[in-house]
Amino acid sequence: MAPILKGEVDIVIPTIRSLDFLENWRPFFEPYHLIIIQDGDPTKVIKVPEGFDYELYNRNDINRILGPKANCISFKDGACRCFGFLVSKKKFIYTIDDDCFVAKDPTGKDIDALAQHLENLTKPSTPYFFNTLYDPYREGADFVRGYPFSLRAGVPTAVSHGLWLNIPDYDAPTQLVKPLERNKTYVDAVMTIPKGTLYPMCAMNLAFNRELVGPAMYFGIMGDGQPIGRYDDMWAGWCSKVVCDHLGYGVKTGLPYLWHSKASNPFANLKKEFKGLFWQEEMIPFFQSVTLPKECTNAQQCYLELAKQAKEKLGPIDPYFHNLADAMVTWIEAWEEFNTPAKSNTNSSESA
């Protein structure tokens, strides 16, 4: 069987090590193009198994390509992956961490995570009314009695957020009190996250429609030289969800699962997360209450408005948020250099 949407997908992988883990994914990833973002020491040689079609960028490449705008791409942090989103020319992005492997479903069959993400992204979402059988477009399911017929067409899906078996994606305090906890529960479901509801987005197993929401998938400035880390995907998730809600796009979570093999050091994580654990209690209410003007009809316009409001509302918390808001603007400037204008959606959620 021919690979699904072969010419429309890039797989983006941030790494500091050779990518032996790709052997595990070869049956599923080999037909697709990979964009590898090498973090850390640019002189280190990253080995990629033979047979994969890829391009690799290190920090020297990022500095050369972006020039002064390179300061919006994080260093020594997984947030560097968003450089791959920037230079991709494909409609869909799948990003995965290098400590994640193929999981098995309850029957023992290997899960093709990318295929499930593409199924999620190419079928509509239902953010305005919750369907108790979850994804109504899935084989064997439908809209239940009482579901409004006027909403059954759904809306375009912009984000597909997958999950993980084995090591759960916990913050450092939870890691410290539950060091042996493992996720063994496979829930066979995909659901749309309702409009107005935020969620903690994890970039370990994430796919999105770059044409619809790419400009909002910016992972911020984290890691080297910054007072915070491990909030890169959280920030991108909150921003992109607000943008999707405004533009009338959907966000799904659930299947597919992958196998997360390795727990990161909770003490190192606590050092990275420490300020964020306090700041998130103010960041989240900001995103819950933020509104975007109807003049914002594409992801770029929405993101620039978010940057403006973030500087105004979050700036008093810490100077970091002034720098982050400036980096958000720089990111959009870089996006516009590399990409055609984002698609507009004038049928936004304002009327729903």
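Since we're looking at a predicted model, the values are computed, not measured.

(A) The arrangement of the overall build of the chain in detail. Secondary structure summary: the chain contains ten helices and nine strands in total. In terms of overall dimensions, the chain is globule-like: its C-alpha atoms have a radius of gyration of 19 Å, near the 20 Å expected for 352 residues. Over its C-alpha atoms, taken along the principal directions, the chain stretches across nearly 60 × 50 × 45 Å. Every one of the 352 residues in the chain was classed for burial, and the buried ones make up 54%. Contacts spanning at least 24 positions in sequence make up 76% of the contacts within the chain whose residues lie at least 6 apart. Surface accessibility of the chain: about 15,600 Å² in total, with carbon and sulfur atoms responsible for 54%. Measuring between centres, the 36 positive side-chain charges of the chain sit 1 Å from its 43 negative side-chain charges.

(B) Looking closely at the packing of aromatic side chains. Applying the stated criterion across every chain yields a total of 22 aromatic pairs. Centroid distance Tyr218 to Tyr303: 6.4 Å. Interplanar angle 90°. Geometry classified as edge-to-face. Here the residue Tyr218 occupies a position in the loop between helix H6 (210-213) and helix H7 (232-247), and Tyr303 occupies one in helix H9 (residues 299-314), the gap between them amounting to 85 residues. Note on Tyr218: relative accessible area 0%, which makes it buried. Chaining the aromatic ring pairs together yields one cluster made of Trp25, Phe28, Phe29 and Tyr94. Note that Arg152 overlies the ring of Phe149, its terminal NZ or CZ placed 3.8 Å from the centroid.

(C) Molecular detail of the packing of H7 against helix H8 (residues 266-289). Their axes nearest at 10 Å, the elements H7 and H8 cross at an angle of 15°. By the criterion of interaxial angle, the relationship of H7 to H8 is roughly parallel. The element H7 and its partner H8 pack so that their crossing is right-handed. In this structure, H7 uses Trp235, Trp238, Cys239 and Val242 to contact H8, whose residues at the interface are Gln280, Met283, Ile284 and Phe287. A class-by-class count of the residues in the contact of H7 with H8 yields seven nonpolar, one polar and no charged.

(D) Layout of the side chain of Arg59. Topologically, Arg59 is positioned in helix H2 (residues 59-66). Separated by 2.8 Å, the side chain of Arg59 and the backbone oxygen of Ala70 make a polar contact. Polar side-chain contacts of Arg59 include one of 3.0 Å to the backbone oxygen of Ser74. Those residues in contact with Arg59 that lie beyond four places of it in its chain are Gln38, Pro42, Ala70, Ile73, Ser74 and Phe75.

(E) Main features of the packing of H7 against H9. At their nearest, the axes of H7 and H9 sit 10 Å apart, and the two run at 125° to each other. The orientation of H7 relative to H9 falls into the category oblique. For H7 against H9, the interelement crossing comes out right-handed. From H7, Trp235, Cys239, Val242, Val243, His246 and Leu247 reach across to H9, where they touch Ala299, Cys302, Tyr303, Leu306, Ala310 and Leu314. Class assignment of the residues belonging to the contact of H7 with H9 gives a composition of eleven nonpolar, one polar and no charged.

(F) Main features of the environment of Pro316. Mapped onto the fold, Pro316 is located in the loop between H9 and helix H10 (319-338). Taking relative accessible area as the criterion, Pro316 reaches 69% and is therefore assigned exposed. When the C-alpha atoms of Pro316 and Asp41 are compared, they prove to be 35 Å apart, with 275 residues separating the residues in sequence.

(G) Summary view of the pairing of strand S8 (residues 205-209). Counting buried positions along S8 yields five of five residues, so the element is predominantly enclosed. One ladder, built from five bridges, connects strand S4 (residues 92-96) with S8; its direction is antiparallel. What sits directly across from Ile93, in S8, is Phe208. Direction of pairing for strand S6 (residues 157-166) relative to S8: antiparallel, over a ladder of three bridges.

(H) Focus on the UniProt feature "site: Required for activity" (unreviewed entry) in the chain. UniProt's feature table lists "site: Required for activity" (unreviewed entry) at Arg145 and Arg152, given in the numbering used throughout. By secondary structure assignment, the location of Arg152 is in the loop between helix H4 (113-122) and S6. Contact partners of Arg152, with chain neighbours within four places excluded, come to Tyr137, Phe143, Val144 and Tyr147. Here the side chain of Arg152 touches Tyr147 through a polar contact of 2.9 Å, landing on its backbone oxygen.

(I) Focus on the state of the cysteines. Considering all chains together, one arrives at zero disulfides under this definition. Summary of cysteine pairing: Cys302 is not part of a disulfide, and the nearest cysteine sulfur, belonging to Cys296, is at 4.9 Å.

The rules we used
Residues numbered from 1 in each chain as written. Predicted model: local features only at pLDDT ≥ 70, side-chain atom pairs only at ≥ 80, totals over all residues. Heavy atoms only, no water. Helix = DSSP H or I, 4+ residues; strand = E, 2+ residues; numbered from the N terminus. Rg over C-alpha atoms; globule rule 2.2 N^0.38 Å. Buried < 20%, exposed > 50% of the residue type's maximum accessible area, 1.4 Å probe, protein only. Contact = heavy atoms within 4.5 Å. Areas by Shrake-Rupley, 256 points an atom, 1.4 Å probe, with all protein chains shown as cover. Lys, Arg positive; Asp, Glu negative; His and termini not counted. Charge placed at Lys NZ, Arg CZ, Asp CG, Glu CD. Phe/Tyr/Trp six-rings, centres within 6.5 Å; stacked < 30°, edge-to-face > 60°. Lys NZ or Arg CZ within 6 Å of the ring centre and 35° of its normal. Axes fitted to C-alpha atoms, helices over the stretch in contact; angles between N-to-C directions. Parallel < 35°, antiparallel > 145°, perpendicular 65-115°, else oblique. Left-handed = near helix turned anticlockwise from the far one by under 90°. Nonpolar A, V, L, I, M, F, W, Y, C, P; charged D, E, K, R; others polar. Polar contact = N/O pair within 3.5 Å; in protein donor to acceptor, adjacent residues only side chain to side chain. Pairing = 2+ DSSP bridges. UniProt positions renumbered as here; feature names shortened; annotations may be inferred. Disulfide = S-S within 2.5 Å.

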